Structure formats: C-alpha cells, structure tokens
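Descriptive structure summary
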Amino acid sequence: MRKRDIQKEKLLRQKALKMVAKDGLEGLSMQKLAKAAGISPATIYIYFESKEDLILQLCSEMVTKMSEATLKNFDPNMSFAEGLKVQWMNRAKYCLKYPHQAHFMEQIKHSSYHEKSLQMMEGTFRKSMQEFVINAIVRKELIKVPLEVFWSVAYAPLYNLVRFHNMGKSVGGHKFQFSEAIMLETLNLVLKALKP
C-alpha cells in the first residue's frame, strides 16, 4: 500500500475546489483532477474512494471552516442587530478571503449533496443559530416567520453582494465592488424588514 502524502492530498483538494468554482460539480472528474494536479488517476484513489467521496470530504471540511468563521466573536445572547452584524462581517470576510470555497458551497446548495451537507453541520453551530433566533423573538427584536423566509431575508442579500463582487458586476452589468459601507447599508434594510 502506498503512503499518503499530505502535500499531495492538499494539492488535490485545492485543484478540485478551483475546478468546481470554474466548471461546477459536473465539471469535476477524477481524470481532469489528476491532469490538473500532475499525477496519475490511480494516485487519487489513495486519498479518495470516488468522486462522491472527494466531494463529501471537501464539503465536510468547508462546512466546519465556515461554521467556525461564522461563530467567531458571536454570542447567541447578543441583541439581534449586533449578532446579525457579527455574522455578516464573519461570513463576508470568509467568502471574500476564500472565494473558491464559498463558490464550492454554493454549488453544494444546488446539488444532490445539499441534504448531506446540512447533516454535517455540527451541533454547536446549529444550536447557536437556533438560540440566537429564539432569543431575538422572545425579546421582540425579530418577527416570527418560517425558517425559509428568515434565511432569505437575513442572509441571502449578503451572499448576493459577495456574488456580485466575485463577478465584478451586478445587475445589468454595472461594475461592482464589495465594501463594508454597502454591506452595512444592506444590513440596515434587512434589520428593518425583520423588526416587529
């Protein structure tokens, strides 16, 4: 049995993320990945059983990293406005610093892997988010709406700003660059929409 090379595995993960960012999940193949990494296709199977195993391992890693980044300096007992601001700052910072990883997770959301990715979310992250929302509702800082409505209003605007930034343009082809000022202006509108 051949020995695992940590650097080679890291390279394979980086190349896979770049391929998915460029060509989507369907554009990722073990043959293309081997060529991009400059190794034989057989070598990939030392690290990953299959394409699905590779995708799920990447997904698990990204879910963990994104969860940790989102919870930095966050406390579920914060006021809704302050807690959401901390989350937006953390999520934006992560997505802008790691665009391939963020794009990979966006691809996962719109794939058959989505349910499995939700199951990977650790208890601490899920519990913190639930506690945060419940606290805000109890303190009458947040209207009670279905989860899908809450997520669409609370987080989708931020991810759209990041997506526009990564494309370099927004609706109608206008040039766009993410800034903290634009993010905070958007956040203020979100907070008004969710206030009782």
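Here, every reference points to the structure presented above.
Now for a quick tour of the structure. Worth saying up front: this structure is predicted, and the values here are computed from it rather than measured.

When helices and strands are tallied, the chain shows 11 helices and 0 strands. Helices and strands appear in the chain in the N-to-C order α-α-α-α-α-α-α-α-α-α-α. Seen through its C-alpha atoms, the chain measures out along the principal axes to roughly 60 × 40 × 25 Å. Taken across its 196 residues, the chain has 40% of its residues classed as buried. Sequence-distant contacts, at least 24 apart, represent 69% of the contacts inside the chain between residues at least 6 apart. A total of about 11,500 Å² of accessible surface is found on the chain, and carbon and sulfur atoms cover 56% of it. Separation between the mean location of the 30 positive side-chain charges and that of the 19 negative ones in the chain comes to 5 Å.

Now for the pattern of salt bridges. Evaluated as defined, the whole model comprises 7 salt bridges. Residues Glu 52 and Lys 116 are paired through a salt bridge, measuring 3.0 Å at the closest nitrogen-oxygen approach. With Glu 52 in helix H4 (residues 51-70) and Lys 116 in helix H7 (residues 114-120), this pair connects stretches of sequence that are 64 residues apart. The class for Glu 52 is partly exposed, based on a relative accessible area of 35%. Judged by its relative accessible area of 37%, Lys 116 is partly exposed. The closest approach of N and O atoms between Lys 65 and Glu 61, which form a salt bridge, is 3.0 Å. Taken together, the residues span about one helical turn, with Lys 65 and Glu 61 both in helix H4 at a distance of 4 residues. We classify Lys 65 as partly exposed; its relative accessible area is 39%. Of the residues examined, Glu 61 reaches a relative accessible area of 25% and is grouped as partly exposed. One network of salt bridges, in which partners are shared, links Glu 9, Arg 13, Glu 61 and Lys 65.

Glancing now at the environment of Ile 39. Within the secondary structure, Ile 39 is located in the loop between helix H2 (30-37) and helix H3 (41-47). Take Ile 39: its relative accessible area is 17%, and that puts it in the buried class. Separated by 31 residues in sequence, Ile 39 and Lys 8 have C-alpha atoms that sit 9.1 Å apart. Beyond its immediate chain neighbours, meaning those up to four positions away, Ile 39 contacts Lys 8, Leu 12, Ala 34 and Ile 44.

What follows is about the side chain of Arg 13. Within the fold, Arg 13 resides in helix H1 (residues 6-23). Judged by its relative accessible area of 15%, Arg 13 is buried. With near-sequence residues (within four places) excluded, Arg 13 lies in contact with Phe 48, Gln 57, Leu 58 and Glu 61.

Parameters at a glance
Residues numbered from 1 in each chain as written. Predicted model: local features only at pLDDT ≥ 70, side-chain atom pairs only at ≥ 80, totals over all residues. Heavy atoms only, no water. Helix = DSSP H or I, 4+ residues; strand = E, 2+ residues; numbered from the N terminus. Buried < 20%, exposed > 50% of the residue type's maximum accessible area, 1.4 Å probe, protein only. Contact = heavy atoms within 4.5 Å. Areas by Shrake-Rupley, 256 points an atom, 1.4 Å probe, with all protein chains shown as cover. Lys, Arg positive; Asp, Glu negative; His and termini not counted. Charge placed at Lys NZ, Arg CZ, Asp CG, Glu CD. Salt bridge = Lys/Arg side-chain N within 4 Å of Asp/Glu carboxyl O.

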